[in-house]
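So you can see what is in the structure, the chains are spelled out below.
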Amino acid sequence: DVSSPKHGKVDPDNMPHVGGNMWAGGTGGRDTAGLGGKGGPYRLDAGHRVYQVTQAEKDAVPEEVKRAAREMGEKAFKQRLKEIQMSEYDASTYERFSGAVRRQVQSLRIILDNLQ
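Residues numbered from 1 in each chain as written. Predicted model: local features only at pLDDT ≥ 70, side-chain atom pairs only at ≥ 80, totals over all residues. Heavy atoms only, no water.

**Q** Quick question: what am I supposed to make of the side chain of T32 here?
**A** Relative to the helices and strands, T32 is located in the loop between β1 (26–27) and β2 (34–35). Residue contacts for T32: discarding those within four places in its chain leaves K6, H7, G8, N21, M22, W23, G40 and P41. (Helix = DSSP H or I, 4+ residues; strand = E, 2+ residues; numbered from the N terminus. Contact = heavy atoms within 4.5 Å.)

**Q** I would appreciate a short explanation of the pattern of salt bridges in the present structure.
**A** A side chain of one charge can pair with a side chain of the opposite charge if their charged atoms are brought near each other. Across all of its chains, the model carries 6 salt bridges by this definition. Note that K38 and E57 form a salt bridge whose closest N and O atoms lie 3.7 Å from each other. Taken together, the positions of K38 in the loop between β2 and α1 (55–59) and E57 in helix α1 put the pair 19 residues apart, joining distant regions of the chain. For K38, a relative accessible area of 19% translates into the label buried. You can call E57 partly exposed: its relative accessible area is 33%. The partner of E95 in a salt bridge is R102, and the shortest N-O contact between them spans 2.8 Å. One continuous salt-bridge network, built from bridges that share partners, spans E74, K78 and E88. (Salt bridge = Lys/Arg side-chain N within 4 Å of Asp/Glu carboxyl O. Buried < 20%, exposed > 50% of the residue type's maximum accessible area, 1.4 Å probe, protein only.)

**Q** I tried to follow the packing of aromatic side chains on my own but got confused; where do I start?
**A** Aromatic ring pairs are described here by two measures, namely the spacing of the ring centres and the angle between the planes. With the rule as written, the count across this model stands at 0 aromatic pairs. The ring of F97 has R96 sitting right over it, with the charged end atom 4.8 Å from the ring centre. (Phe/Tyr/Trp six-rings, centres within 6.5 Å; stacked < 30°, edge-to-face > 60°. Lys NZ or Arg CZ within 6 Å of the ring centre and 35° of its normal.)

**Q** How should I be thinking about the confidence of the model for the protein in this particular structure?
**A** Low-confidence regions, as indicated by low pLDDT, have predicted coordinates that should not be scrutinised in detail. Confidence in the prediction of the protein, expressed as mean pLDDT, is 95, and 100% of residues score 70 or more. Confidence, read as mean pLDDT per element, is least for α1 in the protein (94) and greatest for helix α3 (residues 88–115) (97). (pLDDT = per-residue confidence, 0-100.)

**Q** I would appreciate a short explanation of a nonpolar patch on the surface in the present structure.
**A** On the surface, L108, I111, L112 and L115 cluster together to form a nonpolar patch covering roughly 420 Å² of accessible area. If you trace the backbone, L112 turns up in helix α3. The partly exposed category is assigned to L112, whose relative accessible area is 48%. (Patch = residues over 30% accessible without salt bridge, like charges linked within 9 Å, V, L, I, M, F, W, Y side chains within 5 Å. Areas by Shrake-Rupley, 256 points an atom, 1.4 Å probe, with all protein chains shown as cover.)

And the structure:
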């Protein structure tokens, strides 16, 4: 069961963590920042294979946990913007321009990776 969202502990060795309720950047778990899980405050990719919980499990997360996770994610987003000296307007403008060329940038990255 999910209880309350949190960032989670950072693994200094960046080992892959699947499931559970402890590690930041894990996959398929609960309550912590990661990918493929449920109840976490925000997405956090540590570069490992993603294990996805079912949509039914995600839908079963209580509304108060979803609300707390959204609030924590919004707070972390605003803190990150402050760290990089970017306003919310700047972020939305960046996202608008970035989104328009996202596919082309991804294609270019694949081409450059293959050339290396």
